[in-house]
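Results of the structural survey
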Amino acid sequence: MTLKPLSNQQALQDEIALGNHHAFATIYYHYYDNIYAYAFYLVKSDVIAEEIVQEAFLRFWIKGKAVSTMINVESFLVTIVRNRSIDILRKVKSEQKFDKERLSEWNEGHNDTEEQVMLNEGKKILQEAIDNLPAQQRLVYQLCHQQNMKYDDAARALNLSPETVKSYMKLALKSLRKFIKSNSDYLAIAVILKLF
């Protein structure tokens, strides 16, 4: 659903062109939900959708003076989200094909001992990633992901708002994926993802 521009949209865009952060925040919060919903619809991942949306708004901000003459802000953001989503989906598809071929080769000659070693290594890397999380993120991850607690229940247990718990969970998953990607090869990643 396309949003109506804000009543003072042009004035806000003029202010953003001059570097006004408050004007940018107003535009950001006005369009965020719609842009995020569109990104999530395309990529089916809240973490990736969030990253795409942040990139779209960053590109909007660095337009600088050009923001003032922009006719349709939402259309600009939607175009970036669509293009980045397509790029990411193509990359994922390519990586999945590569992983499938590697796993197929591995499966042809593996035995139970090799599989157990790989699984143990995957658990070790995942645990190391969890241990490296900031305390609050680690607690939220352990409660919500490892103990299958709902956000509302975890929020009550930690005396936090459900939104804060959700935010910590997003940050935790992002950190875990980054750590795992930089500390293991494709085969280990495939095993770790089964452990997630």
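Worth saying up front: this structure is predicted, and the values here are computed from it rather than measured.

**Description of the overall build of the protein chain**
Looking only at helices and strands, the protein chain features nine helices and zero strands. Overall, the protein chain shows an N-to-C arrangement of helices and strands of α-α-α-α-α-α-α-α-α. When the 196 residues of the protein chain are sorted by exposure, 34% land in the buried category. Considering only intrachain contacts with a sequence separation of at least 6, the fraction spanning at least 24 residues in the protein chain is 63%.

**Section: the pattern of salt bridges**
Throughout the structure, instances matching the rule amount to five salt bridges. Across the pair Arg84 and Glu55 runs a salt bridge, and its minimum N-O distance is 2.9 Å. Of this pair, Arg84 sits in helix H4 (residues 73-109) while Glu55 sits in helix H3 (residues 46-61), placing them 29 residues apart in sequence. For Arg84, a relative accessible area of 23% puts it in the partly exposed group. A relative accessible area of 23% means that Glu55 is categorised as partly exposed. Between Asp87 and Arg84 there is a salt bridge, with the nearest N and O atoms lying 3.8 Å from each other. One end of the pair, Asp87, and the other, Arg84, are both in helix H4, three residues apart, so they sit about a helical turn from each other. Where salt bridges share partners, they join Glu55, Arg59, Arg84 and Asp87 into one cluster.

**What about unusual backbone geometry?**
Positive phi, close to 55°, is recorded for Lys44, a residue that is not glycine. Structurally, Lys44 can be placed in the loop between helix H2 (21-43) and H3. For Lys44, a relative accessible area of 57% corresponds to the exposed category. Phi angles above zero are rare outside glycine, and Asn159 is one such case at about 60°.

**Considerations on the environment of Leu6**
The residue Leu6 is located in the segment before helix H1 (9-17) in this model. Along the chain, Leu6 and Ile27 lie 21 residues apart, while their C-alpha atoms are 8.2 Å from each other. Excluding residues within four positions of it along the chain, Leu6 makes contact with Leu12, Thr26, Ile27 and His30.

**Remarks on the packing of aromatic side chains**
Between two aromatic rings, the relevant description is the distance of the centres plus the angle of the planes. Applying the stated rule across the entire model yields ten aromatic pairs. Seen in terms of ring centroids, Phe24 and Tyr28 are 6.1 Å apart; in terms of plane orientation they differ by 40°. Their pairing is tilted. Taken together, the residues span about one helical turn, with Phe24 and Tyr28 both in helix H2 at a distance of four residues. No difference in accessibility class separates Phe24 from Tyr28, as the two residues are buried.

**With respect to the nonpolar core**
If you look at the biggest cluster of nonpolar residues, it comprises 26 residues, and the most contacted ones within it are Phe57, Phe60 and Leu77. At the level of elements, H1, H2, H3 and H4 are the ones that each hand at least two residues to this core. Top element by residues in this core is H2. It accounts for ten residues. Once residues within four sequence positions are removed from consideration, Phe57 is found in contact with Phe24, Ile27, Tyr28, Tyr31, Tyr32 and Leu77. One finds Val47, Tyr141, Leu173 and Leu176 within the second-largest nonpolar core, a separate group that totals 20 residues.

**Things to note about H1**
Considered for burial, the residues of H1 that qualify are Gln9, Leu12, Gln13, Ile16 and Ala17. End-on view of H1: buried residues confined to an arc of 140°, all on one side of the axis. Once H1 finishes, Gly19 follows within two positions and takes phi at roughly 95°, a positive value.

Criteria and thresholds
Residues numbered from 1 in each chain as written. Predicted model: local features only at pLDDT ≥ 70, side-chain atom pairs only at ≥ 80, totals over all residues. Heavy atoms only, no water. Helix = DSSP H or I, 4+ residues; strand = E, 2+ residues; numbered from the N terminus. Buried < 20%, exposed > 50% of the residue type's maximum accessible area, 1.4 Å probe, protein only. Contact = heavy atoms within 4.5 Å. Salt bridge = Lys/Arg side-chain N within 4 Å of Asp/Glu carboxyl O. Phe/Tyr/Trp six-rings, centres within 6.5 Å; stacked < 30°, edge-to-face > 60°. Core = buried A, V, L, I, M, F, W, Y, C linked by side-chain atoms within 4.5 Å. Arc of directions from axis to C-beta.

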